[in-house]
Amino acid sequence: MGRVMSKKSIQMVVLVATVSLAAYSASANPPNVDVSRADNSMVTTQSITQVDLAPAVYELIYSKSQKAVFVAAPDWKDSSKSRVLRIHPDTLAVQDEIVVPHVGFSFALDDANDRLYVGHGSEGFVSVVDTANNLLLHTIALAPEQKKFSYHVRALRLDAAGKRLYVPGIVSDPGADSVLFVLDTEKRQVLKTIPGFGFYGIGVAVDDARNRVLVGNGEGLIKLVDTDSLAITGAFEVNTGNRLFNLELSADGKYLYATDSGSASDKDAFRKIYANQRVMGDAPRTAVFNAATGAELVSFSTDAAAAPSLAILIDDQRLRLYVSNRGDGGNGSVSVFDAFSNQLLHTIALPAHPNSLALDQDRNVLYVSIKNNKRSNAVNALEGIVRIDFY
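Residues numbered from 1 in each chain as written. Predicted model: local features only at pLDDT ≥ 70, side-chain atom pairs only at ≥ 80, totals over all residues. Heavy atoms only, no water.

Let us look at the overall build of the protein. A count of helices and strands for the protein gives 2 helices and 30 strands. In the protein, which comprises 391 residues, the proportion classed as buried is 57%. Pairs at least 24 apart in sequence give 50% of the contacts found in the protein among residues at least 6 apart. Per element, the accessible surface of the protein, about 15,900 Å² overall, is 49% carbon and sulfur. (Helix = DSSP H or I, 4+ residues; strand = E, 2+ residues; numbered from the N terminus. Buried < 20%, exposed > 50% of the residue type's maximum accessible area, 1.4 Å probe, protein only. Contact = heavy atoms within 4.5 Å. Areas by Shrake-Rupley, 256 points an atom, 1.4 Å probe, with all protein chains shown as cover.)

Structurally, the position occupied by N355 is in strand β28 (residues 353-360). Side-chain polar atoms of N355 contact the side chain of R326, separated by 3.2 Å. Look past the residues within four positions of N355 in its chain and what remains in contact with it is Y58, E59, L310, A311, S324, R326, V368, S369 and K371. (Polar contact = N/O pair within 3.5 Å; in protein donor to acceptor, adjacent residues only side chain to side chain.)

Scanning the model with the defined rule gives 10 aromatic pairs in all. In this structure an aromatic cluster arises from ring pairing among Y58, W76 and F105. Sitting over the face of the ring of F390, R320 holds its NZ or CZ atom 5.5 Å from the ring centroid. K371 extends its terminal NZ or CZ atom over the ring of Y58, reaching a point 3.7 Å from the ring centre. (Phe/Tyr/Trp six-rings, centres within 6.5 Å; stacked < 30°, edge-to-face > 60°. Lys NZ or Arg CZ within 6 Å of the ring centre and 35° of its normal.)

With that out of the way, let us pick up the environment of D315. Relative to the helices and strands, D315 resides in strand β24 (residues 309-315). Given a relative accessible area of 0%, D315 falls into the buried group. For the pair formed by D315 and N364, sequence separation is 49 residues and the distance between their alpha carbons is 9.1 Å. With sequence-adjacent residues up to four places away left out, D315 is seen in contact with R320, Y322, L359, Q361 and N364. Among the polar contacts made by the side chain of D315, one reaches the side chain of R318 at a distance of 3.0 Å.

For the rest of this paragraph, the subject is the sheet that holds strand β3 (residues 60-63). In space, the 4 strands of this open sheet follow the order β3-β4-β5-β6, with antiparallel pairing throughout. The open sheet has two free edges, formed respectively by β3 and β6 (94-99), since each of these has just one partner strand. Strand-to-strand twist of the sheet, defined as the mean angle between neighbouring strand axes without regard to direction, takes the value 20°. As defined by bridge partners, strand β4 (residues 68-73) adjoins strand β5 (residues 83-87) across 5 bridges and the pair is classed as antiparallel. Looking at β5, one finds that F70 is bridged to R86. (Pairing = 2+ DSSP bridges. Axes fitted to C-alpha atoms, helices over the stretch in contact; angles between N-to-C directions.)

This part covers the pairing of strand β17 (residues 212-216). Along β17, 5 of the 5 residues are buried, which leaves the element largely enclosed by surrounding structure. Side chains R212, L214 and G216 project from β17 onto one buried face, and the interleaved V213 and V215 project onto a second face that is buried too. In this structure, strand β16 (residues 203-207) lies alongside β17, joined through 5 bridges in antiparallel fashion. Bridge pairing links G203 to G216 in β17. Hairpin connection, β16 to β17: the antiparallel pair is bridged by 4 residues, and N211 has positive phi, about 55°. The pairing of β17 with strand β18 (residues 221-226) spans 5 bridges and is classified as antiparallel. Paired with R212 across the bridge in β18 is D226. Adjacent in sequence and paired antiparallel, β17 and β18 are bridged by 4 residues, among which G220 carries a positive phi angle near 75°.

Assignment of secondary structure puts T185 in the loop between β14 (179-184) and β15 (189-195). In this structure the side chain of T185 is engaged in a polar contact, spanning 2.6 Å, whose partner is the backbone oxygen of G162. Beyond its immediate sequence surroundings of up to four residues, T185 is in contact with Y117, L158, G162, K163, R164 and L165.

Below, the discussion takes up the pairing of strand β2 (residues 45-54). Along β2, 9 of the 10 residues are buried, which leaves the element largely enclosed by surrounding structure. One ladder, built from 8 bridges, connects β2 with strand β30 (residues 383-390); its direction is antiparallel. Paired with I48 across the two strands is I388, which belongs to β30.

Spatial ordering of the open sheet is given by β7-β8-β9-β10, a layout of 4 strands whose pairing is antiparallel. Of all the strands in the sheet, just β7 (106-110) and β10 (135-141) have a single pairing partner and so form its edges. Mean inter-strand twist for the sheet, computed between neighbouring axes without regard to direction, equals 20°. Taken together, the 5 bridges between β7 and strand β8 (residues 115-119) define a ladder with antiparallel strand orientation. Bridging across to β8, A108 finds its partner in Y117.

Its location among the elements puts E383 in strand β30. The exposure class of E383 is buried, given its relative accessible area of 4%. Spatially, the C-alpha atom of E383 lies 5.5 Å from that of A56, the residues being 327 residues apart in sequence. Side-chain polar atoms of E383 contact the backbone nitrogen of V57, separated by 2.8 Å. A distance of 2.9 Å separates a polar atom in the side chain of E383 from the backbone nitrogen of N372.

Okay, the pattern of salt bridges next. In the structure shown here, the tally under the stated rule is 12 salt bridges. With a shortest N-O distance of 3.3 Å, R83 and E97 are connected by a salt bridge. Taken as a pair, R83 in strand β5 and E97 in strand β6 lie far apart in primary sequence, 14 residues in all. Judged on exposure class, the residue R83 and its partner E97 are both buried. (Salt bridge = Lys/Arg side-chain N within 4 Å of Asp/Glu carboxyl O.)

Just geometry here; none of it tells us what the structure is for.
Here's what the structure looks like:
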């Protein structure tokens, strides 16, 4: 059912950054990279279009097979009325609404099989949606033995074959233990619940080439899980970040990117409240690791250094890295980095709380979900998404 929302089209004054593609370190540069496939000496935005969609939006994802953007739109007053919105990628009009039985936060997309997995926050469920027919197919209970779900679900990650879904169960109390739920997507059931991820086990990435899953936590660790034995086999100790909120692997699997979501005020609060926890740095940073060894190759902050960085997305075709910055007390932004040199190319000013990112790589279009700040919440403003067209 189609619905055209209010639309604000903003033609931006283009900021152009000229950046040298010189290598910062022979060990850190991606080997055998054809730099000619991505001219990052000039990154410019053609237009930015914003629409208001719902009282709340969270993660969004672009489906190449469906030529649609899917957006999580939870209903806080009645979780049974929470929806997944199907959005036209050009007009940003709502094409359909898929009602899900619980508050929806996060997504994982199996585009080849027209399946969208929806994580349901603190309610302990994952729903399966048919994206071709806009239908809810099934809802999986993560811990049916629990009367009250003990964890919070945020990130979801599929393996390359789409056979397994990895779901961190987050615990935010120091001394408590986060877990990793492993779901069999064909049987639509939990295959195993793996303990041992410590405080704030939240970021997750699947390294198919090395048969392992990586889970970042709030203790400066990235835990390693063997996908055959489904057991923790080791950990990388990192020096950047007290909350490795999002992990992203490069397409060749050689580099692991992580955003530290802790703002400067978060870090101060962590040091006072959680005296026994490692808290690294004074401002949020994005780090690049050797995915095989865990060695930190480089870390860098955005020009909005006081604001917590959140989502991270790699455009492998153009060798760009996108990072959303939440904007503590002010406007938010998306930072565009060169993924070869890790230099900041461009900063795109946005409303206060850019949340998640999705990319139509073929058409060079970035989508960003936008959440309200306190001022917008006070007047019950709708939350929405932004479409950014690059030249």
